Structure formats: structure tokens, C-alpha cells
Amino acid sequence: MVDPTHFTIDTMTGRLVLPEVIAADGTVETTPLITADHCDTVVLAIQPPAGDDSVRPTPGATAASLRYGVDLADAAERCHAKGKAGECNVVSLPRVHGRRNASVPWDGLARRIILLGIGEGTESDIRTAGAALWRHIDSDERTVIDLGPRTAPEIFASFAGGLFLGAYRPKRVTKTAAETSSSPQIVMLSGRHRLDSLTDALGAAQTVATGTWLARDLANTPSNIKTPQWFAAQCEAIAAAEGLDITVHDESWLADRGFGATLAVAGGSANPPRFVVISHEPVTAGDGARHVVIVGKGITYDSGGLCLKPRTAMVPMKTDMAGAATAVATALVARRLNLPDRITVVVPVAENAISGSAYRPGDVLTTFSGATVEVTNTDAEGRLILAEALSWAVAELEPDLVIDIATLTGASRMALGDRHGVLYSNDDETAADLEQAASRAHEYLWRMPLVDSYRAGLESSLADIRQTAASQWGAGSIMAALFLEHFAPKTSWAHLDIAGAARAEKPRADTAAGATGYGVGLLAQYLLLSAGREQ
Ligand code: BES
Ligand code: MN
Ligand code: ZN
């Protein structure tokens with residue numbers, strides 16, 4: 001049996017670290033870094049044809065052709081390269097053999113060249129290229145990259161961001177500890193840009209990617225290990241390592257304060273619930289510093305409870321705490337980037353299990369705010385724990401803004417698929433800022449409406465509010481959002497339903513199959529964008 005107390009996530013033990021990417025001055029034209037002494041593989045960018053039928057080498061690739069004395073555009077054509085973002089073609093130049101004193105023009109230079117397609121060179125194309133490149137570099141290789149046309153800091157950051165995200169592999173639970181794998185050395189050439197601004201951009205990209213890796217590690221951990229206590233213990237370890245304040249409340253604290261819904265959801269499980277509060281206090285809090293609260297859904301396993309899920313729907317439900325993982329990882333990023341706003345992360349953590357003590361459809365629960373809820377479906381557990389976390393945050397923390405993030409409804413996945421989170425907000429400015437941050441972070445959002453007339457669907461004849469609308473009502477994601485809104489009164493509030501975006505069924509260029517860590521990049525970008533803004 002795996003002993004949960006001895007299982008820690010890789011991002012905390014430091015056993016699996018992000019690949020090291022550094023920026024160095026120069027271009028392929030003259031740099032000594034692409035000689036065989038320093039380098040095994042040179043990566044050059046190519047683009048789709050402008051008009052005729054040959055690919056477009058970028059200025060870097062053209063300069064490399066001159067230095068190597070070979071026509072790389074011709075080599076690209078022979079590989080049938082198209083230059084589209086993420087396409088990789090490897091050109092291996094041979095060594096001289098036989099005749100003494102014979103030489104080739106590429107003598108002394110790295111002999112492995114990767115022609116990497118960067119499409120139109122947009123930030124999104126560059127990110128895709130970075131993610132795709134990872135599969136073509138070996139762990140013990142020294143790689144030098146020249147991105148050619150635009151090596152601006154944003155381009156550097158997008159490329160490295162893609163590379164880091166593409167490099168993640170989920171941890172396996174195995175009999176023997178995995179070997180420490182060596183990590184390739186990756187150098188990006190600065191071209192004509194200033195090295196310090198590129199180094200800063202790389203550092204920020206690495207911090208955000210570390211957060212995403214952490215969120216993935218937490219969400220990919222199996223639920224027999226990931227009990228609410230285990231999750232809270234990981235939060236404590238993270239907070240201690242990062243210098244964040246943390247309080248972990250237990251089931252008796254919840255009982256004393258009347259968290260009737262959270263205790264009901266947790267009631268069917270042998271593993272008691274936890275309520276974790278992590279805070280980032282900026283080193284120098286300016287007068288304009290806001291207090292932003294991020295609430296994350298922390299269901300460590302969602303069986304559906306008495307309204308049991310079918311087997312196939314249940315298998316992926318270890319990732320039903322992805323919202324909590326993202327919230328916690330965002331606290332880490334906020335700390336490391338020393339963001340100027342006060343940020344408090346609130347995560348209710350519980351397992352939705354089934355037993356004689358499980359809550360039932362038909363129960364009426366009294367929540368923390370005093371409002372009563374008529375339970376109609378024990379599989380709609382997320383909104384219950386979030387409702388109490390929201391009303392607790394509003395009552396206790398005096399937030400300027402509350403953002404909740406949750407794998408809340410299958411309906412949101414049906415509506416937008418697995419690349420877009422669904423956004424709801426009672427505040428247009430916050431919604432617009434979140435949308436802008438989402439597109440910059442390439443973690444997309446689409447805003448949906450809080451339809452006023454649909455509120456009638458939550459009217460209850462037995463309690464203050466129904467947990468879900470009648471089954472023929474429809475609009476499952478909107479109804480969940482309307483339920484939550486009820487518990488964040490008179491507060492700027494945004495709700496992110498990430499049931500689709502939090503998981504990838506199949507591997508993609510920028511993520512392995514499983515948890516995606518969606519939301520860390522987006523929330524970090526949002527907090528950077530709106531930093532220090534007075535309300
Ligand atoms: N955790 C699920 C939502 C979910 C579904 C996440 C698919 C990821 C992938 C949530 O707790 C749930 O079961 N929601 C129900 C709500 C319904 C009972 C009103 C759903 O979506 O079916
Ligand atoms: Mn559920
Ligand atoms: Zn759930």
C-alpha cells in the first residue's frame with residue numbers, strides 16, 4: 001500500500017525540476033555557443049511560404065546557412081517542411097570519413113540542426129513551437145535556440161512558457177523511486193535585444209510554469225493518497241517553503257461555525273474535511289493595494305455521493321480539486337513575483353463519498369450564512385462547499401474582489417469543450433480584465449450570462465434556495481453560477497467554471513494527458529495586469 005504520509009509531490013521535493021533555460025548574448029552568425037564544444041543541437045526557426053512554394057527561413061536560419069556553408073532552405077524543402085507552428089525537422093550533418101585532410105564547411109560546429117516551424121510568429125504560434133520542441137531534445141543535450149525575427153521579451157517568455165509546459169510529465173506511483181533524470185541545457189540567443197530584460201521575462205515565465213506544474217501534480221495525485229488531510233498537509237509544506245501564511249481548519253472548526261453544507265458533503269467519507277486559508281501579504285503594501293480572494297473547489301474525489309456517477313464519469317474525478325490546486329499554485333506565484341495586492345486563497349477540501357452517513361437528495365441544509373438549501377442532487381456538491389467558502393470570505397475577509405475557480409459542471413464542458421473556461425461575473429470591468437488576461441496567458445475564457453429570469457429555477461418550496469434546478473430546466477452551468485452568486489452578495493465576484501479546461505483526455509503539445517493546471521497562467525496574468533489598482 002502507498003503510505004500517503006510519505007508521498008509528496010515532485011514540485012515540492014525538487015526531484016523533478018523544470019528544465020533550465022537561459023538567455024545568452026549573440027546571434028548564430030557569430031556566437032561561439034554553437035560550436036561542437038558547447039552545443040549538440042542548434043534550433044533555427046522557419047516560417048510558411050510567403051507566396052511561392054518554398055518555406056521562409058528566418059534571418060537566423062539564413063545566417064546559419066552562411067556559417068554552416070549549406071543551404072538550409074533546401075534542406076527544409078527536402079524534409080517537406082511547411083513551417084507551421086510546432087513542426088520539427090531534424091537535419092543531421094555527417095562527419096568526414098576516409099580521406100585525410102578532407103574537411104566539410106561545418107567542421108567544428110554542432111552537427112544536429114532542428115528546423116522548427118514558428119508559423120506566423122504570433123505569441124500563440126511561438127508558444128506552440130516551444131511546447132513541440134521539447135519532444136525533440138534529449139535529456140543530456142546542449143541546445144542553442146535562435147528564434148530569428150523577433151526575440152522581444154514577450155516572444156522569449158511565450159517560447160519558454162510553451163517549453164516548460166510541454167516538458168511536464170505526471171508522476172508515476174511505483175515500487176522503486178524514480179531515477180533523477182538529467183535535464184537538457186537550453187540556451188536562447190538574444191539577438192539584438194537587451195539580455196537583462198530577456199532574463200527577467202524568462203524568470204517570470206518559469207515562475208508561472210512552476211505554479212502550473214504544481215497544480216498539475218496536485219490534481220494528478222490519486223485520491224487514495226490525496227485525502228483532504230493530505231491535501232492540507234501539502235498546502236502547509238508549500239506555504240512553509242514559500243513564506244506564505246497558512247491556517248488549516250478541521251471538521252470541528254467547521255461544525256462550531258455552522259458550515260452545515262460542507263459537513264454534509266463530507267459526511268459520506270471516512271476522510272474528514274479541511275478548510276485551508278493561505279495568504280500573501282505584499283512586502284510593501286501601497287495604499288492602493290486591493291484584497292483579492294481566490295476560492296477554489298477542493299473535492300478530492302467526486303463519486304457523486306448517493307446520486308452515484310456512472311463508472312466512466314467517475315474515473316477522472318480525482319481532478320475535481322483542480323480549482324483548489326490552481327488557487328494554491330497562484331498563491332505561490334503571487335509570492336515569488338511579489339505581487340503588490342493582498343491575496344487570500346480559500347479552499348474548502350472534502351471527499352464526496354458514499355456511505356450510511358452520506359447526505360441525501362431531499363435533505364435541507366443550513367449553511368454558514370444562515371440560508372437553507374434544499375438538496376436535490378448529491379452530485380452537485382461543488383456549489384455547496386463553494387457557497388459556504390464564498391459567504392465566509394465575504395463575512396470575514398473584507399475582500400475587494402472574490403474570484404472562485406471550480407470544476408463545477410459537465411454542462412460547461414458540453415458548451416465550450418476543453419480549451420475554454422466559462423466566466424461569469426457581476427462586474428463588467430473585472431470580467432473584461434479576466435478576458436484580456438486569459439488571451440494573453442493562452443488559457444482562454446468565454447463569458448456567459450447570469451440570466452435574471454432563470455433565477456426562478458432555484459426557488460424552493462422547502463428552503464431558501466434549491467441546490468439545482470429541475471432536471472428539464474437546462475442551462476446547467478448558468479444555474480450553478482446563479483446559485484453561487486446568491487452567496488456572494490454586494491461583492492465584486494467572478495466565477496470560473498473549468499470542468500472542461502482542467503483536464504486533457506489526450507496529450508497535447510503543451511500538456512500531458514490528465515490535469516492541465518489551467519488557470520494559474522490566467523490568474524497570475526490577471527493579478528499582474530490589475531496589480532495595485534484601487535477599487
Ligand atoms: N465535478 C462535477 C463536474 C464535472 C463533470 C467536472 C465533468 C469535470 C468533468 C460536478 O460535481 C458535478 O457532478 N456536476 C453535476 C451537476 C449536476 C448534478 C447538476 C454535473 O455536471 O452533472
Ligand atoms: Mn459532482
Ligand atoms: Zn464535483
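What counts and how
Residues numbered from 1 in each chain as written. Chains lettered and ligands numbered in written order. Predicted model: local features only at pLDDT ≥ 70, side-chain atom pairs only at ≥ 80, totals over all residues. Heavy atoms only, no water. Buried < 20%, exposed > 50% of the residue type's maximum accessible area, 1.4 Å probe, protein only. Helix = DSSP H or I, 4+ residues; strand = E, 2+ residues; numbered from the N terminus. Donors = N, O, S within 2.8 Å, 3.2 Å for Na, K, Ca; no water. Tetrahedral: all angles 85-135°; square planar, octahedral: opposite > 155°, others 65-115°. Near = heavy atom within 4 Å. Polar contact = N/O pair within 3.5 Å; in protein donor to acceptor, adjacent residues only side chain to side chain. Areas by Shrake-Rupley, 256 points an atom, 1.4 Å probe, with all protein chains shown as cover. 1 Å grid on protein atoms, 1.4 Å probe; cavity = no way out; pocket = protein on both sides within 12 Å on 5 of 7 lines; lining within 4 Å. Points joined across faces, edges and corners; volume = space filled by probe spheres on them. Domains from an automatic or database assignment. Contact = heavy atoms within 4.5 Å. Salt bridge = Lys/Arg side-chain N within 4 Å of Asp/Glu carboxyl O. Nonpolar A, V, L, I, M, F, W, Y, C, P; charged D, E, K, R; others polar.

Here we come to the pairing of strand 19 (residues 493–497). Most of strand 19 is tucked away: five of the five residues are buried. Covered by surrounding structure in strand 19 are Trp493, His495 and Asp497 together with Ala494 and Leu496, the residues of both alternating faces.

We now examine the coordination of the manganese ion (ligand 2). Looking at the manganese ion (ligand 2), the protein donor atoms are Asp302 (OD), Asp379 (O), Asp379 (OD) and Glu381 (OE), and they sit 2.1 to 2.2 Å from it. Between the six donor atoms coordinating the manganese ion (ligand 2), the angles at the centre fall across 74 to 173°, so the site counts as irregular. For the manganese ion (ligand 2), the donor residues sit on a single chain with the sequence spacing D-x76-D-x1-E. Separating the manganese ion (ligand 2) from the zinc ion (ligand 3) is a gap of 3.2 Å, which Asp302 spans by donating to each of them.

As a matter of local geometry, ligand 1 sits amid 15 residues, with Lys309, Asp320, Asp379, Glu381 and Gly410 nearest to it. Note that an oxygen atom of ligand 1 is positioned 3.2 Å from one of the side-chain N or O atoms of Lys297. Taking Gly410, its main chain carries an N or O atom lying 2.7 Å from an oxygen atom of ligand 1. Protein burial of ligand 1: of its 520 Å² of free accessible surface, 78% is covered by the chains.

What follows concerns empty space enclosed by the protein. Counted under the stated rule, the structure contains three cavities of 30 Å³ or more. What lines the largest cavity is a set of 15 residues, and nearest its centre among them are His442, Glu443, Arg508, Asp510 and Tyr518. For the second largest cavity, the calculated volume is near 40 Å³. Along the walls of the second largest cavity sit Ala215, Ala219, Ala322, Ala325, Thr326, Ile498, Ala502, Ala515, Thr516, Gly517 and Tyr518, which together make up its complete lining. Secondary structure elements with two or more residues in the lining of the second largest cavity: helix 6 (195–220) and helix 11 (322–336). Ranked by residues supplied to the lining of the second largest cavity, first place goes to helix 11 with three residues.

This part takes up the coordination of the zinc ion (ligand 3). Tetrahedral metal sites with four donors have an ideal angle of 109.5 degrees; octahedral sites with six donors have ideal angles of 90 or 180 degrees. For the zinc ion (ligand 3), the full set of protein donor atoms is Lys297 (NZ), Asp302 (OD), Asp320 (OD) and Glu381 (OE), at a range of 2.0 to 2.4 Å. Around the zinc ion (ligand 3), the six donor atoms sit at angles spanning 78 to 174°, and that spread fits a shape best called octahedral. On the primary sequence, the residues serving as donors to the zinc ion (ligand 3) are separated as K-x4-D-x17-D-x60-E. Look at Asp302 and you get buried, because its relative accessible area is 3%.

What follows concerns the domain arrangement of the protein chain. Examined at the domain level, the protein chain breaks down into domain 1 (4–206) and domain 2 (221–354 + 373–454 + 479–530). Each of domain 1 and domain 2 was reduced to a C-alpha centroid, and the two centroids are 36 Å apart. Between domain 1 and domain 2, the residue contacts involve 16 residues of the former and 18 residues of the latter. Here Arg127 and Asp510 are joined by a salt bridge, their closest N and O atoms 3.0 Å apart. Summed over the shared surface of domain 1 and domain 2, the number is one residue pair in polar contact (both at pLDDT 80 or more). Elements supplying a minimum of two residues to the side of domain 1 that touches domain 2: helix 4 (123–133) and helix 5 (153–167). Here the side of domain 1 that touches domain 2 takes four residues from helix 4, the largest share from any one element. Looking at the side of domain 1 that touches domain 2 residue by residue, the class counts come to 10 nonpolar, three polar and three charged.

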